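Chain by chain, the residues run as shown.
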Amino acid sequence: MRDFTHFDAEGRARMVDVGEKAPTRRTAAAGARVLVSRETFALIRDGGVKKGDVLSTAQLAGIMGAKRTAELIPLCHPVAVDGIGMALTLDEARCCVDIRAEVSCGGRTGVEMEALTAVSTAALTVYDMCKAVQRDMVITDVRLLEKTGGVHGDFRREETV
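Here we summarise the structure given alongside this text. (Residues numbered from 1 in each chain as written. Predicted model: local features only at pLDDT ≥ 70, side-chain atom pairs only at ≥ 80, totals over all residues. Heavy atoms only, no water.)

## Points about the side chain of R26
For clarity, the threshold we go by: Secondary structure elements follow DSSP: runs of H or I of four or more residues count as helices, runs of E of two or more count as strands, with numbering from the N terminus. Note on classification: 1.4 Å probe, protein chains only; a residue is buried when its accessible area is under 20% of the maximum for its type, exposed when over 50%, partly exposed between these limits. We count Lys and Arg on the positive side and Asp and Glu on the negative side, and we leave His and both chain ends out. Any carboxyl oxygen of Asp or Glu within 4 Å of a side-chain nitrogen of Lys or Arg constitutes a salt bridge here. Whenever a nitrogen or oxygen atom comes within 3.5 Å of another N or O atom, the pair is scored as a polar contact, on the condition that within protein one atom can donate a hydrogen and the other can accept it, and that pairs from neighbouring residues in sequence are kept only if both atoms are in side chains. Contacts are assigned to residue pairs that have any heavy atoms within 4.5 Å of one another.
As for its position among the elements, R26 is in strand β1 (residues 24-35). E112 provides the closest opposite charge to the buried, unpaired R26, separated from it by 6.0 Å. Within the structure, R26 has its side chain in polar contact with the backbone oxygen of R108 (distance 3.3 Å). Setting aside chain neighbours within four positions, we find R26 in contact with K21, V103, S104, C105, G107, R108, T109, G110, V111, T148, G149 and G150.

## Remarks on a nonpolar patch on the surface
Condition: Patch definition: residues above 30% relative accessible area lacking any salt bridge, with like charges linked at up to 9 Å and the nonpolar side chains Val, Leu, Ile, Met, Phe, Trp and Tyr linked at up to 5 Å. In this description, accessible areas are obtained by the Shrake-Rupley approach with a 1.4 Å probe, and a residue is regarded as covered only by the protein chains that are shown.
Where nonpolar side chains cluster on the molecular surface, the patch consists of L124, I139 and V142 and spans about 240 Å² of accessible area. Here I139 lies in strand β4 (residues 138-148).

## Some words on the sheet that holds strand β5 (residues 155-156)
Worth spelling out the cut-off: In this analysis, strands are considered paired if DSSP registers two or more bridges between them. Under this scheme, a helix contributes an axis fitted over its contacting stretch, all axes are lines through C-alpha atoms, and angles between N-to-C directions fall in the 0 to 180 degree range.
If you trace the 5 strands from one edge of the open sheet to the other, you get β2-β3-β1-β4-β5, paired in antiparallel fashion. Where the open sheet ends on each side, the last strands, each with one partner, are β2 (81-91) and β5. The sheet contact formed by β1 and strand β3 (residues 96-107) spans 12 bridges and is antiparallel. Pairing of T24 across the sheet is with G107, part of β3. Packing of helix α2 (residues 54-67) onto the sheet brings it into contact with β2 and β3, and relative to β2 it is tilted by some 150°.

## Observations concerning the pairing of β3
Buried residues dominate β3, accounting for 9 of its 12 residues. As judged from the 10 bridges shared by β2 and β3, these two strands associate in the antiparallel manner. From the neighbouring strand, G83 faces β3, where its bridge partner is S104. What sits between the antiparallel neighbours β2 and β3 is a turn of 4 residues, in which C95 has the positive phi angle 55°.

## Description of the nonpolar core
Here is the rule we go by: Definition used in this section: a nonpolar core is a set of buried Ala, Val, Leu, Ile, Met, Phe, Trp, Tyr and Cys residues joined via side-chain atoms within 4.5 Å.
Core analysis: the biggest nonpolar cluster contains 31 residues, and V34, I99 and V126 have the highest contact counts within it. Those elements giving two or more residues to this core turn out to be β1, α1 (38-46), α2, β2, β3 and α4 (112-130). Sorting elements by how many residues they give to this core places α4 first, with 9 residues. The residues touching V34, leaving out its near neighbours within four places in the chain, are C95, C96, V97, I99, A123, V126, M137, V138 and I139.

Okay, here's the thing in structure tokens:
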């Protein structure tokens, strides 16, 4: 367990003390995908979902999710987020909604969890808004795409999905 920072010497969960770390510029991007049927895809694209504009609502939900990450994930630090960008795009060939979040801050800990929470919340919102017409949608490919800053350095996923 010594490689995991969220456990003490006895193996109990703890919140990591980041007080001695210097604030640095940190960014993270995450992605997710919601696979839908052709019928659901057309409804989203054409604005025919009864609950309203799926992509705009999911975009706002993703931003709200990122801002509340520390309330949802037990050992996450509250982070003063500087910016959150959300992009939801329709991919007709794959019949899906692709979701991307970009989060930035100047702080002592990274914003990977905020970016991942943003795309997860947006994907769940797409599901919620469309479940009346399709219950077998699949939320998939939730992943960290890249991150910068911090002691562990930069990371960039070689996209294969």
